[in-house]
Amino acid sequence: MTTEIWQLSEDQLLADAAAVSHQIQLLEARRIALVAEIDTRVTREKLGFPGPAGWLTSTTLLTPGKANKILALARGLKNFPDIADAVNTGSISIDHAALILDFAETPPHDLPPEGRDIARAALITAATGPDARTGPLRAAITRLHDLYGGTTPPAEDTDRNELFASKTLNGRMIMKGDFDAITGEKLLTALSPLTAPRPAVDGTPDERSPARRRADAFGHILDRYLAANNRPTEGGEKPHVNLHINLRDLTDLTGSGNSTDDIADDETTRTATEPDRARDSDSRNGSGSGSGTGGDGAATPPTDRGTYRDVFGDGTTVGWLPWMGPLSRTTSRQLACDCILTAIVMDETGNPINLARTARTVTARQKRALIARDHGCAFPGCGTPAAWTEGHHIRHWADGGPTDLNNLVLLCGFHHRLIHHSDWEIVIADDNHPWFTPPATVDPNRQPRPSHARAGPHIA
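Remember, predicted model here, so these are calculated numbers, not experimental data.

Cut-offs used in this document
- Residues numbered from 1 in each chain as written.
- Predicted model: local features only at pLDDT ≥ 70, side-chain atom pairs only at ≥ 80, totals over all residues.
- Heavy atoms only, no water.
- Helix = DSSP H or I, 4+ residues; strand = E, 2+ residues; numbered from the N terminus.
- Buried < 20%, exposed > 50% of the residue type's maximum accessible area, 1.4 Å probe, protein only.
- Contact = heavy atoms within 4.5 Å.
- Areas by Shrake-Rupley, 256 points an atom, 1.4 Å probe, with all protein chains shown as cover.
- Core = buried A, V, L, I, M, F, W, Y, C linked by side-chain atoms within 4.5 Å.
- Axes fitted to C-alpha atoms, helices over the stretch in contact; angles between N-to-C directions.
- Parallel < 35°, antiparallel > 145°, perpendicular 65-115°, else oblique.
- Left-handed = near helix turned anticlockwise from the far one by under 90°.
- Nonpolar A, V, L, I, M, F, W, Y, C, P; charged D, E, K, R; others polar.
- Phe/Tyr/Trp six-rings, centres within 6.5 Å; stacked < 30°, edge-to-face > 60°.
- 1 Å grid on protein atoms, 1.4 Å probe; cavity = no way out; pocket = protein on both sides within 12 Å on 5 of 7 lines; lining within 4 Å.
- Points joined across faces, edges and corners; volume = space filled by probe spheres on them.
- Polar contact = N/O pair within 3.5 Å; in protein donor to acceptor, adjacent residues only side chain to side chain.
- pLDDT = per-residue confidence, 0-100.
- Disulfide = S-S within 2.5 Å.
- Expected span 1.5 Å × (residues − 1).
- Salt bridge = Lys/Arg side-chain N within 4 Å of Asp/Glu carboxyl O.

**Student:** Give me the lowdown on the overall build of the chain, citing residues and values where you can.
**Tutor:** A count of helices and strands for the chain gives 16 helices and 11 strands. Residues classed as buried in the chain amount to 32% of the 460 residues present. For the chain, contacts bridging at least 24 residues in sequence account for 57% of all contacts bridging at least 6. For the chain, the accessible surface area stands at approximately 27700 Å², while carbon and sulfur atoms represent 54% of it.

**Student:** Please give an account of the nonpolar core that cites residues and values.
**Tutor:** If you look at the biggest cluster of nonpolar residues, it comprises 33 residues, and the most contacted ones within it are Ile32, Ile83 and Val87. Counting residues per element, the ones that place at least two in this core are α1 (10-41), α3 (52-59), α4 (64-76), α5 (81-88), α6 (94-105), α7 (113-127) and α8 (134-148). With six residues, α6 is the largest single contributor of residues to this core. Apart from the residues within four sequence positions on either side, Val87 is in contact with Ala29, Ile32, Leu77, Ile92, Ile94 and Ala97. Grouped together as the second largest cluster of nonpolar side chains are 13 residues, Leu411, Phe414, Trp424 and Phe436 included.

**Student:** Describe the packing of α3 against α4, naming the residues involved and giving the relevant values.
**Tutor:** Across the interface, α3 lies against α4 with an axial gap of 8 Å and an inter-helix angle of 140°. Accordingly, the angle class assigned to the pair α3 and α4 is oblique. Crossing hand, α3 versus α4: right-handed. Taken together, the residues of α4 that come into contact with α3 (itself represented by Pro52, Ala53, Leu56 and Thr57) are Pro64, Ala67, Asn68, Ile70, Leu71 and Arg75. Broken down by class, the residue content of the contact of α3 with α4 amounts to seven nonpolar, two polar and one charged.

**Student:** Please set out unusual backbone geometry residue by residue, giving values where relevant.
**Tutor:** Residues other than glycine seldom take positive phi values, yet His375 does so here, at roughly 70°. When you line up the elements, His375 lands in the loop between α15 (364-374) and β7 (389-393). A positive phi angle is found at Asn432, which is not glycine, with a value near 65°. As for its placement among the helices and strands, Asn432 is situated in the loop between β9 (425-428) and β10 (434-437). Given a relative accessible area of 32%, Asn432 falls into the partly exposed group.

**Student:** Can you explain the packing of aromatic side chains? Please cite residues and give values.
**Tutor:** Throughout the structure, instances matching the rule amount to three aromatic pairs. Judged by centre distance (5.9 Å) and plane angle (90°), the ring pair of Phe49 and Phe379 falls under edge-to-face. Placement of Phe49 in the loop between α2 (44-47) and α3 and of Phe379 in the loop between α15 and β7 is noted, with a sequence separation of 330 residues between them. Like Phe49, the residue Phe379 is buried in the burial classification. Taking relative accessible area as the criterion, Phe379 reaches 1% and is therefore assigned buried. By the ring-pair criterion, three or more aromatic residues cluster together here, those being Phe49, Phe379, Trp424 and Phe436.

**Student:** If you had to explain the packing of α1 against α4 to someone new, which residues and values would you point to?
**Tutor:** At their nearest, the axes of α1 and α4 sit 8 Å apart, and the two run at 75° to each other. On the basis of their axis angle, the class for α1 and α4 is roughly perpendicular. On α4, the residues that touch Glu28, Arg31, Ile32, Val35, Ala36 and Asp39 of α1 are Lys66, Ile70, Leu71, Leu73, Ala74 and Arg75. Looking at the contact of α1 with α4, its residues break down into seven nonpolar, no polar and five charged.

**Student:** Lay out the environment of Asn79 with the relevant residues and their values.
**Tutor:** Checked against the element boundaries, Asn79 lands in the loop between α4 and α5. Residue class for Asn79 comes out exposed when judged on its relative accessible area of 57%. Residues Asn79 and Glu105, spaced 26 residues apart in sequence, show a C-alpha to C-alpha distance of 9.0 Å.

**Student:** Can you tell me about the layout of surface pockets, naming the residues and giving the values?
**Tutor:** One water molecule sets the probe size; rolling that probe over the atoms shows where empty space is left. Its volume calculated, the second largest pocket comes out at about 1500 Å³. In terms of lining residues, the second largest pocket is bounded by 41 residues, among which Leu99, Asp102, Glu162, Phe164 and Asp178 are the most central. Among the elements of the structure, α4, α6, α8, β1 (162-167) and β2 (173-178) are those that each provide at least two residues to the lining of the second largest pocket. Class assignment of the residues belonging to the lining of the second largest pocket gives a composition of 15 nonpolar, 13 polar and 13 charged.

**Student:** I'd like a rundown of the side chain of Asp374, residues and numbers included.
**Tutor:** Mapped onto the elements of the fold, Asp374 is located in helix α15. With relative accessibility at 2%, the residue Asp374 sits in the buried group. Among the polar contacts made by the side chain of Asp374, one reaches the side chain of Arg373 at a distance of 2.8 Å.

**Student:** I'd like a rundown of the confidence of the model for the chain, residues and numbers included.
**Tutor:** Here the chain averages 77 in pLDDT, and 72% of its residues register 70 or above. The least confident element of the chain, judged by mean pLDDT, is helix α12 (residues 260-265) at 36; the most confident is α5 at 96. The low-confidence segment residues 256-299 (pLDDT under 50) makes 66 contacts with residues lying over four places distant or belonging to another chain. Below pLDDT 50 for its whole length, residues 305-316 participates in 23 contacts with residues either more than four positions away or in separate chains.

**Student:** An account of the state of the cysteines is needed here, citing residue identities and associated values.
**Tutor:** Applying the stated criterion across every chain yields a total of zero disulfides. As a non-bridged cysteine, Cys382 has Cys377 as the owner of its nearest cysteine sulfur, 3.6 Å distant.

**Student:** Quick one: what's the story with α6, residue by residue and with numbers?
**Tutor:** Helix length check: α6, at 12 residues, gives a terminal C-alpha distance of 16 Å against a target of 16 Å (1.5 Å per residue), a fit within 8%. Looking at α6, one finds that the buried residues are Ile94, His96, Ala97, Ile100, Leu101, Phe103 and Ala104. Tucked inside the fold, the buried residues of α6 contact α1, α4, α5, α7 and α8.

**Student:** Account for the pattern of salt bridges, naming residues and giving values.
**Tutor:** Opposite charge on two side chains lets them pair, provided their charged atoms get close. Taken as a whole and assessed by the stated rule, the structure comprises 15 salt bridges. Salt-bridge contacts for Glu28 lead to Arg31; the nearest nitrogen and oxygen are separated by 3.9 Å. Taken together, the residues span about one helical turn, with Glu28 and Arg31 both in helix α1 at a distance of three residues. On the basis of relative accessible area, Glu28 is assigned to the buried category, the value being 18%. The exposure class of Arg31 is partly exposed, given its relative accessible area of 27%. Here Asp431 ties to Arg454 by a salt bridge, and the two come within 3.9 Å at their closest N and O atoms. Here Asp431 is found in the loop between β9 and β10, whereas its partner Arg454 is found in the segment after β11 (449-450), with 23 residues between them in sequence. When salt bridges with common partners are traced through the structure, they connect Asp206, Arg208, Arg212 and Asp216 into a single cluster.

Pasting the structure below:
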């Protein structure tokens, strides 16, 4: 009979927590070994993804970054049994193993083979046990690269350049970079004239911190780049910011009074540059004495359970950005008020208003509408960014399938090929969104799966 946690003594609590932590280390090692075997034996058609990392992300709670780290360890540890043994016995952490493996796979240029073995053994020893710390381990690796990295000084070695840009759970962007001296000089030179403090008209000092001024300057540089005419194209178009909004919210934001038919007949690319429209919208949605608002103007939460039914669905925020995701009503109003925006008009189901075409290729307008509906690769569990996808004819063009939204779906290159060369089936269901039915080799019950953007919990 298992003792309840609250019944454990202090010593038992400490001992059990330590034992469980060790078991987690061993289980992580086993997962790496299993992924290594999956990577070797299970076909991509069976996985439904180019490799085990995508499959892990789609079937477990792992993030793409964590899944990719597991796969890298699974592949790399095969070549370094000493690191693998330390992982399999729970002697070193997975993060420290990844650091040592990276060093082992890309050692300093001038470090001889026997020196590499000695250095790797020393790093494993330094990473062993609960007293091991990441800082000294990284410092040792950096020192080895500085001593044996070749004739190029570290400050000038462009092979070390890295830039990480990751979305956070709350929808912000975290960036981390490591650049050579020349690239760093270019960045600081570009930022310099834009980071000087700017006092207000009345002489009030600029209260922004230096970090905030640099962030604002970086955004200004991006504005200038996206406004330039000589930037490269992607998917046949110059990169630009798209705001996806549904028909009801578009009417609320613009206050235009257009009917559904009026907007449906318009181009999908619309401009909203009149500040009065946003102010009119604010006055309609602000404080008042009608139902749904309290005496202080705050919205009164509805009590009907049905009101919350689609809280996890697609139509709950006024805006959506292809890369960053949901956008608040306030910021959407700001976009509609302060700049020219590309608005993809959606119906009440989150489906773009249909743009029928008889040409074989997907037009730029249709691609924008597909991005608004599918958000990226629609294959369940994939979600590759929309910029890296292509339109797929569900019923092939050669078989008479039209190039219409109800016969198109966004797929990344891998899943486009998978659909063409496997028994996966796609249909546009009654909700006007794609659904995927796996072959019996993947799911004997052949249970249809919603597209990646539509997956998730829905309150019944």
